[in-house]
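Below are the chains, spelled out letter by letter.
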Amino acid sequence: MTSPRPRRFSGRARAGWAVLRRHRGWSIAGALTLCVLLVAGVIFVVTAPAAIRTRSAMLPATPEASGPAAGVPVKLDTTLYFPNTSSPAPAILLAHGLGGTKRDLNSQAEALAKDGYVVLAYTARGFGASGGLVHLDAPAYEVADAKLLVSYLATLPQVRTTAPGDPVVGVAGASYGGGLALLLAGSDPRIDAVAADITWNSLQNSLFPNGAGTQPGVFKKLWTGYLFQSARGSGPQAEQSAACGRVAADVCAAFQQAAQSGVPNAATAALLAASSPASVDGRIKAPTLLSQGEQDSLFPLTEADANARAIAASGTPVRVIWRAGGHDAGGASSTSTAAAQSWFDAHLKGVGTADTSFELALQGSALSSSSGQRINQTLRATAGYPGVQAPPAPTSSVTLSNKSQTISAPAGGNPAAVSSLPGLGSLLEQVATLGAASGVGSDLGLGAVDGQNAVFDSPVLKQRQRIAGASRVRLTVTPLGSSDATLFVSLVDLSADGTTRTPAALVEPVQLTGLTPGVATTVEVQLPAIVTDIAAGHRIRLVVATTDLAYQTPIDPREYRIALASDTGQLTVPGIDAEIVHSGSALPWLIVGVIAMLLCIGWAVLRGIRRRRADTPVPELLNTPISVSNLVKEYSDGYRAVDGPSFTVERGQVVGLLGPNGAGKTTTLRVLVGLIRPTSGQVHVFGHLVTPGAPVLSRLGAFIEGPGFLPHLSGRENLHLFWAASGRDEKYAQFETALEIAGLGSSVDRKVKTYSQGMRQRLAIAQAMLGLPELLVLDEPTNGLDPPQIAEMREVLRSYADTGRTVVVSSHLLAEVEQTCTHVVVMHKGQLVAAGSVADIAGAGGTQLAVADPSEAERVLAAAGISTRQVPVRRALEDVFLDLVGGDDS
């Protein structure tokens, strides 16, 4: 038997198989990627909700009863959102915040419509395209308007009803809209569920907090002015008067009266009471969700607490959520929107369980595994809603230092401490934290004024202290010359290094009257309701201040003596028994996990192929530190930063990369160290192709575009952290050698935030030299250094290269490059214009002395005993550089 003759392929076929074998990994990766895209597409098509329909209309509202517009019809600008269903559905009435319009509600309305609700979003009277005047959620106007809209919903065939004129309807809103929601629910029994976010209980208490008896409290002047400006509006419809705009006359008069006196008169107090949910809370029978922002100096957590207690007292189901955000952090929240949707599902559609648990946000308490940033955690109380005060929540007592302190209030209340500004409280808190971390400002926090603050500190905490609610403390206040006192009390987180943080930037105003000058009065103070963790090793600081920019203070100068009510002052701190919430269906995450797994497989295959190719060295370049070949880097806008330079750098050289601004120097260095990929061309380091994360980069040390360090750590700690992040053993780091090079002395153990620019630059050079890499790449290393330090750095770099290592520096200091570098590479507008030794380039274009009979001249000089040799005329590198780039610095 003979073997069959093997089949032969044509040359073209063999070439095709060869290509297929070479690119088999790419084919697998491509197939996996295609599968992932197909799976994602199918999931999107299956899960994407159908489009919703909308219909806009101007609907009749309550006519004005007085003034020039009395009896004139008023219409409201509305939009209906219809769900994709043929059966009648429950309805939701959506109200917006002060100064807003229905457009602000679009995303929430669409989400609810996709969930199966008929949604009616509208612009309240006095705003946008709606007619009428702003009456501040008055029962006779805004609340009456909302009742008309509920009646309109009952006429729609798409809306489910329980009786003629009685739709199945919920109402939701935030701030101004949240107040409307509660006021409507308390006056219209047809409302079946309520979701009110970041709103008030009592407008008087919100704008004049902590009044007692006949005393109204301390006037919140900045917020009141901001609210009035938002209400009065602008544009052609703001025609009632220049002062009042679109605000109704009685409301305008109330704002002006309060702003002038700082105290509400009887008419103002009555108007504020009528527009407060406190007047109807006891009549609300619809299950109510109350979400309140923890960063809210306008309507703090105590306002939601008052609403919750009053509504629950009549047996109505109530759920309370303390969420991240609030008026000082943008207002709107996806958390409150999602909670409202679940609340309506349970009470209007009978879907799911009516959750009445208490949840709160612990802000910045966890690290995101994806971004590395601090994120919020949601906690659920195991024993229900505890309220803002201590019982029935667990409490603890913290001992504070107690030294009597005299503080002053300046005439006119100026200068004043700054705790928060309308809508910017959280931003100011961040600025204060950053300012304290960088050593800027007082150690009390942003805006604190020396002489105006009494401080009482706890011992260093041995374990974390969680605060969830309003702490309490007893103070003794002795007025020195006055019969009343206005004070502002807050808690501060004092870290071990002296930096401070005022949680949510909240202060609590305290007004005391009927005092006797020189006589101490004891008062129990409830501090701002906050949610925060004070870390072990920190202290709790109680601050009592005499001024705050957000509030009105007495205009005459004052002095007070402040102390705690006992020798061992006790701060009562409310805690909470709560668990971290892990919610949501596992199915979406399972789908995401499968897709992510497939993507990872495809990515791993591609990365493996690329890495194998990149790790295959070019034999003839193994001993060449840098080889740049036809390098091009072009950005998406067409700008070509690097345009085809080619050059090599050999061992033992100190190479200066020169060029004017925009020459492409830094871009070239970024490609060299693997920070960015080139558009075309190649860069090899010791024969290996440079790609992001290439193993050969471990043989290279660099810093590009300035140093970056953690300011709260010392220089030494930063170096150790950097080396640890590389995953290499510390015995190879050569810390002491690098620190000796840095020349920081004992300053290396100081926090980096105290360093000058020159010290940071020297520390960055030491970081680049850790491990004594074979190739050192430095971008403008002498920035911030003084002349002696520059001279010292020159010797360091030369000595470093003398060991057989290689140094590449970019610099604008041409004279310094000429003294430091052995070779230069000159770039201009992304292109290479010269490369070579400093001696060759500086000597290029020189001239020699021209002599008619040089041999005769040499004979005469020799007879005189003078030896001769030809010497080229050497020019300064700066002159050559200017010739090469044409003096163009642009």
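All figures in this text were calculated on a predicted structure; none of them were measured in a lab.

## Points about the overall build of the chain
When helices and strands are tallied, the chain shows 22 helices and 37 strands. In the chain, of all internal contacts separated by at least 6 residues, the share reaching a separation of at least 24 is 75%. On the chain, roughly 41,200 Å² of surface is accessible, and the fraction owed to carbon and sulfur atoms is 56%.

## Section: the state of the cysteines
Under the defined criterion, the tally for this structure stands at 1 disulfide. Each disulfide pairs two cysteine sulfurs, and for C244 the partner residue is C252, the sulfurs being separated by 2.0 Å. A torsion of -80 degrees about the S-S bond marks the disulfide between C244 and C252 as left-handed. Owing to a relative accessible area of 10%, C244 belongs among the buried residues under this scheme. Judged by its relative accessible area of 1%, C252 falls in the buried class.

## What about helix α18 (residues 787–802)?
Residues lying three or four places apart along an α-helix face the same way, a consequence of the helix completing one turn every 3.6 residues. Look at α18: 23 Å from first C-alpha to last across 16 residues, which is about the 22 Å you get at 1.5 Å a residue. Of the residues making up α18, those classed as buried are Q789, I790, M793, R794, V796, L797, Y800 and A801. The arc that holds every buried residue of α18, seen down its axis, measures 165 degrees, which confines them to one face. Away from the buried face of α18 by more than 90 degrees, exposed residues P787, P788 and D802 are located. Of the surrounding elements, those touching the buried residues of α18 are β30 (654–658), α16 (735–742), α17 (757–769), β34 (775–779), β35 (806–810) and α19 (814–820). Trailing α18 by a residue or two, G804 shows a phi angle of about 95 degrees, which is positive.

## Here we look at the sheet that holds β35
The 6 strands lie next to each other as β33-β34-β35-β30-β36-β37, forming an open sheet whose pairing is mixed. Two strands bound the open sheet, and with one partner strand each, they are β33 (700–703) and β37 (831–837). Mean inter-strand twist for the sheet, computed between neighbouring axes without regard to direction, equals 15 degrees. Bridge analysis of β34 against β35 gives 5 bridges, and the strand direction is parallel. Bridge pairing links L776 to V807 in β35.

## Let's talk about the pattern of salt bridges
Taken as a whole, this structure holds 27 salt bridges when the rule is applied. A salt bridge links R125 to E64, with the nearest nitrogen and oxygen atoms 2.8 Å apart. Note that R125 is positioned in the loop between β4 (118–122) and α4 (139–154) and E64 in the loop between β1 (53–61) and β2 (74–82), a separation of 61 residues in sequence. Residues R125 and E64 agree in their burial class; the two are buried.

## Quick notes on the packing of aromatic side chains
If you walk through the whole model with that rule in mind, you get 9 aromatic pairs. Plain terms: the ring middles of F208 and F219 are 5.0 Å apart, the flat faces sit at 20 degrees to each other, and that makes the pair stacked. Residue F208 is located in the loop between α6 (203–207) and β9 (210–212), and its partner F219 is located in the loop between β10 (215–217) and α7 (221–232); the two are separated by 11 residues in the primary sequence. Note on accessibility: F208 and F219 belong to one class, buried.

## A short note on unusual backbone geometry
At the junction of N414 and P415, the peptide bond is cis and its omega measures out at 10 degrees in the coordinates. Turning to its location among the elements, P415 is positioned in the loop between β16 (405–409) and α12 (425–437). The phi angle at L136 is positive, at roughly 65 degrees, despite the residue not being glycine. The residue K829 is not glycine, and still its phi comes out positive at about 55 degrees. Within the element layout of this structure, K829 appears in the loop between β36 (823–828) and β37.

## Some words on the pairing of strand β8 (residues 191–197)
Along any regular strand, the residues point their side chains to alternate faces of the sheet. In terms of burial, β8 is a largely internal element, 6 of the 7 residues being buried. Direction of pairing for strand β7 (residues 169–174) relative to β8: parallel, over a ladder of 6 bridges. Counted as the bridge partner of G173 is A196 from β8. Since β7 and β8 lie parallel, the crossover through helix α5 (residues 176–185) that links them has a hand, and here it is right-handed. Two strands pair when backbone bridges link them, and β8 and strand β11 (residues 288–293) are joined in this way by 4 bridges, in the parallel orientation. In the sheet register, A196 faces β11, and the bridge partner there is L290.

## Concerning the side chain of S482
Note that S482 resides in the loop between β18 (465–479) and β19 (485–494). Among the polar contacts made by the side chain of S482, one reaches the main-chain carbonyl oxygen of D484 at a distance of 3.1 Å. Sequence-distant contacts of S482, defined by excluding residues within four places in its chain, comprise T516, P517, R558 and Y560.

## Some words on the nonpolar core
Counting residues in each nonpolar core, the largest one holds 79 residues, and the members touching the most others are L93, Y122 and I191. For this core, the leading source of residues is α5, giving 7 residues. Apart from the residues within four sequence positions on either side, I191 is in contact with V150, V169, V171, L184, A185 and A286.

## Digging into the side chain of T78
Take T78: it is sitting in strand β2. Only 2.8 Å separates the side chain of T78 from the backbone oxygen of A57, close enough to count as a polar contact. Excluding its chain neighbours within four sequence positions, the residues that come into contact with T78 are R55, S56, A57, L59, K102, L120, A121, Y122 and L149.

## Some words on helix α15 (residues 715–725)
Buried within α15 are the following residues: G715, N718, L719 and W723. In an axial view of α15, the angular spread of the buried residues amounts to 130 degrees, which keeps them on one side of the axis. Looking at α15, the residues exposed on the side facing more than 90 degrees away from the buried face are A724 and A725. On its buried face, α15 sits against α16 and α17. Immediately downstream of α15, the backbone of G727 shows phi near 80 degrees, a positive value.

## Describing the confidence of the model for the chain
The predicted model of the chain has a mean per-residue pLDDT of 83, with 80% of residues at 70 or higher. Under a pLDDT of 50 for its full length, residues 367–371 has, in the predicted model, 6 contacts with residues more than four places off or in other chains. A low-confidence stretch, residues 870–874 (pLDDT under 50), is modelled with 11 contacts involving residues beyond four sequence positions or located in other chains.

## Brief notes about the pairing of strand β12 (residues 318–323)
Within β12, 6 of the 6 residues are buried, leaving the element largely enclosed by the surrounding structure. Side-chain alternation along β12 places V318, V320 and W322 on one buried face and R319, I321 and R323 on a second face that is also buried. Two elements, β11 and β12, share 6 bridges in a ladder whose sense is parallel. Counted as the bridge partner of Q292 is W322 from β12. In terms of handedness, the path from β11 via helix α10 (residues 301–312) over to β12 forms a crossover that is right-handed.

## Brief notes about the packing of α4 against α5
Two numbers describe a pair of packed helices, the interaxial angle and the distance between the axes. Relative to each other, α4 and α5 sit at 70 degrees, their axes nearing to 10 Å. As summarised for this structure, α4 and α5 are arranged roughly perpendicular, according to the angle between their axes. When α4 is examined against α5, the residues E142, V143, A146, K147 and V150 are found in contact with a partner set consisting of Y176, L180, L183 and L184. Within the contact of α4 with α5, the residues separate by chemical class into 7 nonpolar, no polar and 2 charged.

## Here we look at the environment of A57
Assignment of secondary structure puts A57 in strand β1. Separated by 18 residues in sequence, A57 and K75 place their C-alpha atoms 9.4 Å apart.

## Side note on the environment of A124
Among the structural elements, A124 can be located in the loop between β4 and α4. Overall, A124 belongs to the buried group, its relative accessible area being 9%. Separated by 17 residues in sequence, A124 and Y141 place their C-alpha atoms 10.0 Å apart. The residues touching A124, leaving out its near neighbours within four places in the chain, are L76, H96, S130 and Y176.

## Things to note about the environment of S56
Mapped onto the elements, S56 comes out in strand β1. It is 9.5 Å that separates the C-alpha atoms of S56 and L120, two residues lying 64 residues apart in sequence. For S56, the residues in contact, after removing those within four places along its chain, are T78, T79 and K102. In this structure the side chain of S56 is engaged in a polar contact, spanning 3.1 Å, whose partner is the side chain of T79.

What counts and what doesn't
- Residues numbered from 1 in each chain as written.
- Predicted model: local features only at pLDDT ≥ 70, side-chain atom pairs only at ≥ 80, totals over all residues.
- Heavy atoms only, no water.
- Helix = DSSP H or I, 4+ residues; strand = E, 2+ residues; numbered from the N terminus.
- Contact = heavy atoms within 4.5 Å.
- Areas by Shrake-Rupley, 256 points an atom, 1.4 Å probe, with all protein chains shown as cover.
- Disulfide = S-S within 2.5 Å.
- Buried < 20%, exposed > 50% of the residue type's maximum accessible area, 1.4 Å probe, protein only.
- Expected span 1.5 Å × (residues − 1).
- Arc of directions from axis to C-beta.
- Pairing = 2+ DSSP bridges.
- Axes fitted to C-alpha atoms, helices over the stretch in contact; angles between N-to-C directions.
- Salt bridge = Lys/Arg side-chain N within 4 Å of Asp/Glu carboxyl O.
- Phe/Tyr/Trp six-rings, centres within 6.5 Å; stacked < 30°, edge-to-face > 60°.
- Right-handed = clockwise from strand over helix to strand, strands pointing away.
- Polar contact = N/O pair within 3.5 Å; in protein donor to acceptor, adjacent residues only side chain to side chain.
- Core = buried A, V, L, I, M, F, W, Y, C linked by side-chain atoms within 4.5 Å.
- pLDDT = per-residue confidence, 0-100.
- Parallel < 35°, antiparallel > 145°, perpendicular 65-115°, else oblique.
- Nonpolar A, V, L, I, M, F, W, Y, C, P; charged D, E, K, R; others polar.

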